[in-house]
Each structure stands twice: as structure tokens, then as C-alpha cells.
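Given next are the chains, with one letter for each unit.
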Amino acid sequence: AAPAVAAAAQAAQNAQNAVPAAQATQATQSAETATVSSTPAPAAQSSKVRWEECITENKERYYHELATGHTQWAMPIEGWVELVADDGAKYYWDPSTNVTQWESP
């Protein structure tokens with residue numbers, strides 16, 4: 001029974017980390033949220049930024065991997081992340097070195 005419980009717990013964790021498609025769609029339709037697209041913006045393609053932080057209509061933050069279109073609730077642990085400050089300004093963070101900066105890497 002223990003392996004079944006562990007598998008169910010892992011499935012529940014995976015479901016929590018995935019951004020529901022309906023919320024991702026809502027994020028693209030709202031003028032107040034970041035645009036989510038499976039195609040990276042031209043500026044992002046030429047930079048070292050791997051992830052962008054997006055915000056749902058409910059002010060929940062999630063992360064979009066630019067190269068793959070993958071989304072997740074958990075903060076990324078690898079690659080530069082474009083974050084959004086409370087005032088809407090974009091800044092950049094590298095989780096592997098814990099460097100934060102205003103200019104795109």
C-alpha cells in the first residue's frame with residue numbers, strides 16, 4: 001500500500017506544479033497579465049533569459065520557459081529568470097549564482 005500512496009502523492013504534487021490550461025489561456029487574454037506564448041519574444045531569443053515570470057488575473061505568479069513553452073508554479077532553479085517587480089518593472093535573477101540585476105543578461 002505504501003508505494004501506491006507514494007505514487008498518489010507524487011501525482012498530486014505534479015498536478016499542483018502544472019499551470020492549468022484555462023489559467024494560462026486567461027493570462028493571455030487579460031490586459032493586466034503578462035502575455036504567455038509558446039514562441040519567445042525576439043529580444044528573449046538573443047538573451048540568456050530562459051524563463052519569464054507571468055501573473056494570472058488572480059495575481060498568482062507562475063513561470064514560463066521560453067524555449068519549450070513549459071509552464072510551472074515553482075520558481076525555476078536553473079537559467080536566468082525575468083521577474084516582475086511590484087511596480088511592474090522587469091528585472092533578472094540567476095538562481096544558480098543568486099545574482100539579481102535590472103539589465104538583461
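Residues numbered from 1 in each chain as written. Predicted model: local features only at pLDDT ≥ 70, side-chain atom pairs only at ≥ 80, totals over all residues. Heavy atoms only, no water.

### Description of the overall build of the protein chain
Rule in force here: We count a stretch as a helix when DSSP gives it H or I for four or more residues in a row; a strand needs E for two or more, and each element gets its number in order from the N terminus. Burial here depends on accessible area, computed with a 1.4 Å probe over protein chains only, as a share of the maximum for the residue type. Under 20% is buried, over 50% is exposed, and the range in between is partly exposed. Pairs of residues are marked as contacts when any of their non-hydrogen atoms sit within 4.5 Å. Accessible areas in this description were obtained via Shrake-Rupley with a 1.4 Å probe; residue shielding takes into account the shown protein chains only.
In terms of helices and strands, the protein chain carries three helices and six strands. Each helix and strand of the protein chain, placed in order from N terminus to C terminus, yields the pattern α-α-α-β-β-β-β-β-β. A burial count over the protein chain gives 33% of its 105 residues as buried. Taking the contacts inside the protein chain whose residues are at least 6 apart along the sequence as the reference set, 35% of them involve residues at least 24 apart. Of the accessible surface of the protein chain, which amounts to about 6,600 Å², a share of 54% is contributed by carbon and sulfur atoms.

### Comments concerning the nonpolar core
Let me state the cut-off plainly: In this text, buried Ala, Val, Leu, Ile, Met, Phe, Trp, Tyr and Cys residues form a nonpolar core when linked through side-chain atoms within 4.5 Å.
Formed by Trp51, Tyr63, Val81, Leu83 and Trp93, the largest nonpolar core amounts to five residues. Leave out the neighbours within four places in its chain, and tryptophan 93 touches Met75, Pro76, Gly79, Trp80, Val81, Leu83, Asn98, Val99 and Thr100.

### Comments concerning unusual backbone geometry
Despite not being glycine, lysine 59 has its phi angle at roughly 65°, a positive value. Examined against the element boundaries, lysine 59 turns out to sit in the loop between strand E1 (49–55) and strand E2 (61–65). The backbone phi angle of asparagine 98 is positive, close to 60°, even though this residue is not glycine. Locating asparagine 98 in the fold gives a position in the loop between strand E5 (90–94) and strand E6 (99–101).

### Notes on the pattern of salt bridges
Rules: Salt bridges, as used here, are contacts in which a Lys or Arg side-chain nitrogen is within 4 Å of a carboxyl oxygen on Asp or Glu.
As enumerated under the stated definition, the model contains five salt bridges in all. With a closest N to O distance of 2.8 Å, arginine 50 and glutamate 65 form a salt bridge. Here arginine 50 is found in strand E1, whereas its partner glutamate 65 is found in strand E2, with 15 residues between them in sequence. Judged by relative accessible area, which is 10%, glutamate 65 ranks as buried. One salt bridge in this structure joins lysine 90 and glutamate 82, with 3.5 Å as the shortest N-O distance. In this structure glutamate 82 comes out as buried when scored by relative accessible area, which is 16%. Here the salt bridges do not stand alone but share partners, grouping Arg50, Glu65 and Glu78 into one network.

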